[in-house]
Amino acid sequence: MDSFFFDAPLVIMTAAITPMLLLMWIGLMAAFGEAIWSDCYRLGRPHDIVKAAIIDQKLVNARISVGKTTMVSLKYVYRLRYEYEQRTYEVQHLVLDQEHVELNEQAGTFLLYVPKANPADATPESPNAASPFAAMALMIMGYLIWEAAPTLLKGL
Amino acid sequence: MIVVFILLGGLLWLISLLLSAFAAWAFYKLARLLWKKIRRALLRPGTAQITSYEVFTPDLEDIHFQDSRPQVRLELDCERHGQRFQISLGPLTCEELFPALDMPAHHVACWLSDEDWRQMLENRWVTIACDWRQRKAILSSQIREDRRMLLIGFLSLSLFAVLVTLSLLQS
């Protein structure tokens, strides 16, 4: 009686929710690992930091979605020109957050990361990287798995 | 007393059944998504020529569009095994379209003049994967994204399995 009304539903609930929790945990760890990997790839790839000149700028009012978040606001769009190996390139860049780019309003310059393999594909140089925090979170989560897995699996 | 007991038990049973139904639904969705991604990742890329294009800017007031940056619809001329067929693609956002044209995609703004669009798109060749039975095509840059996601998923799952096994062996 007691086991039918209370233990069986609890077992079903745990069985239903455990795989989802595990997947969430693994997905979070994968996201952190991906951030670290892309930062390392960016730093390890042959590249140059190039000073680009701002040739045009305008404000746009738009709804912009980056990943999962959507924002409606006024954003700056810069048209940048830079020279690399005797060739001139022009790119347009939408600045979502002034803190994340190296922008000097007085001098009218913008620092760009230009990969040697494909100079046309320039991205803005960002002053702060997320990967140290991601590495810390990844280590903590991995340690929790390491500690919890034997006790949980042997306890069953 | 016994009535309260049975009521509580029944409630617990109801919750657990609801939860398991929800879990089954979530896994069904996940499996479908995974299957779609795998099928897309296995498509073979080819090339196609842009025959016409249409640029439109979604209305800012229209909440169906998550992103009000301009989007592009393409008409493509595909060739496969000597057969030619027309395929339309889109609406594509710039972040999807620009990598296929070998242009930087990182936070591009996409508000270009008509002349710029014409120079960029008219009679250009793009690499796409045609699923010609379903009359659908996707850009090869999207396929690359899918492959990357699958690789990340596979790697993280296997690393998790290794971690759990090692911790079991060690304890």
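Thresholds, definitions, all that
- Residues numbered from 1 in each chain as written.
- Chains lettered and ligands numbered in written order.
- Predicted model: local features only at pLDDT ≥ 70, side-chain atom pairs only at ≥ 80, totals over all residues.
- Helix = DSSP H or I, 4+ residues; strand = E, 2+ residues; numbered from the N terminus.
- Buried ≥ 20, exposed ≤ 12 C-beta atoms within 10 Å, placed from the backbone.
- Contact = placed C-beta atoms within 7 Å.
- Domains from an automatic or database assignment.
- Core = buried A, V, L, I, M, F, W, Y, C linked by C-beta atoms within 7 Å.
- Nonpolar A, V, L, I, M, F, W, Y, C, P; charged D, E, K, R; others polar.
- pLDDT = per-residue confidence, 0-100.
- Pairing = 2+ DSSP bridges.

K.L.:
What exactly am I supposed to notice about the overall build of chain B here?
P.N.:
Helix and strand counts for chain B come out as 4 helices and 5 strands. Reading the helices (α) and strands (β) of chain B from amino to carboxyl end gives α-β-β-β-α-α-β-β-α. Split into buried and exposed, the 171 residues of chain B put 16% on the buried side. Restricting to contacts in chain B with at least 6 residues of sequence separation, those with at least 24 account for 56%.

K.L.:
Help me understand the domain arrangement of chain A in this model?
P.N.:
Per the domain assignment, the segments of chain A are domain 1 (2-43 + 132-155) and domain 2 (47-125). One C-alpha centre belongs to domain 1 of chain A, the other to domain 2 of chain A; they are set 37 Å apart.

K.L.:
What is the right way to look at the nonpolar core in this model?
P.N.:
Buried together is how nonpolar side chains tend to be arranged in soluble globular proteins. In terms of nonpolar packing, the biggest core is built from 19 residues, with Leu76, Ile128, Ala129, Ala137 and Ile138 of chain B touching the most fellow members. If you list the elements that add at least two residues to this core, you get β1 (46-56), β2 (71-80), α2 (94-100), β4 (125-131) and β5 (136-139) of chain B. What Ala129 of chain B contacts, discounting residues up to four positions off in sequence, is Leu43, Arg44, Pro45, Gly46, Ala137, Ile138, Ser140 and Ile143 of chain B. Core analysis: the next-biggest nonpolar cluster, separate from the first, contains 10 residues, Ala52, Tyr78, Leu80 and Val91 of chain A among them.

K.L.:
Honestly, the interface of chain B and chain A in this entry has me stumped. Any pointers?
P.N.:
Size of an interface, as often reported, equals the accessible area lost when the parts are brought together. Contact with chain B, which involves 31 residues of that partner, is made by 36 residues of chain A. When residues of the side of chain B that touches chain A are traced back to their parent elements, those giving at least two are α1 (2-41) and α4 (140-170) of chain B. Examining the composition of the side of chain B that touches chain A, we find that 9 residues originate from one element, α4 of chain B, more than from any other. Tallied by class, residues from the side of chain B that touches chain A come to 17 nonpolar, 11 polar and 3 charged.

K.L.:
In this structure, what is going on with the confidence of the model for chain A? I would like to understand it.
P.N.:
Segments scoring low in pLDDT should not have their predicted coordinates read at a detailed level. Mean pLDDT over chain A: 81, with 90% of residues reaching 70 or higher. For chain A, the element scoring lowest by mean pLDDT is strand β4 (residues 103-104) of chain A, at 74; helix α2 (residues 131-155) of chain A scores highest, at 89.

K.L.:
Looking at this model, I keep getting lost on the environment of Ala134 of chain A. Mind explaining?
P.N.:
Residues and elements named next belong to chain A. Among the secondary structure elements, Ala134 is positioned in helix α2. Owing to 19 C-beta atoms within 10 Å, Ala134 belongs among the partly exposed residues under this scheme. When the C-alpha positions of Ala134 and Glu34 are compared, they lie 9.3 Å apart, and in sequence the two are 100 residues distant. Beyond its immediate sequence surroundings of up to four residues, Ala134 is in contact with Phe32, Ala35 and Ile36.

K.L.:
Can you help me understand helix α3 (residues 114-121) of chain B in this one?
P.N.:
Since the α-helix advances by 3.6 residues per turn, residues separated by three or four positions end up pointing in the same direction. With respect to burial, α3 of chain B is a largely exposed element, only 0 of its 8 residues being buried. Where α3 of chain B terminates, the next one or two residues include Asn123 of chain B, which has phi positive at roughly 55°.

K.L.:
Looking at this structure, I do not really get the environment of Leu138 of chain A. What am I missing?
P.N.:
Residue and element names in this part refer to chain A. Following the sequence through the fold, Leu138 ends up in helix α2. Of the residues examined, Leu138 has 19 C-beta atoms within 10 Å and is grouped as partly exposed. Along the backbone, Leu138 and Phe32 are 106 residues apart, and their C-alpha atoms lie at a distance of 6.5 Å. Sequence-distant contacts of Leu138, that is, excluding residues within four places in its chain, are made with Met29, Phe32 and Gly33.

K.L.:
I tried to follow the pairing of strand β5 (residues 109-115) of chain A on my own but got confused; where do I start?
P.N.:
Along any regular strand the residues' side chains alternate between the sheet's two faces. All names here are of chain A. Alternating positions in β5 separate cleanly, Phe110, Leu112 and Val114 being buried on one face and Thr109, Leu111, Tyr113 and Pro115 remaining unburied on the opposite face. Across 2 bridges, β4 lies against β5 in antiparallel orientation. Residue pairing in the sheet places Leu103 in a bridge with Phe110 of β5. Between the antiparallel neighbours β4 and β5 lie 4 residues, among them Gly108 with a positive phi of about 70°. Relative to strand β6 (residues 123-124), β5 runs antiparallel, the two being bridged by 2 bridges. Paired with Tyr113 across the bridge in β6 is Thr123.

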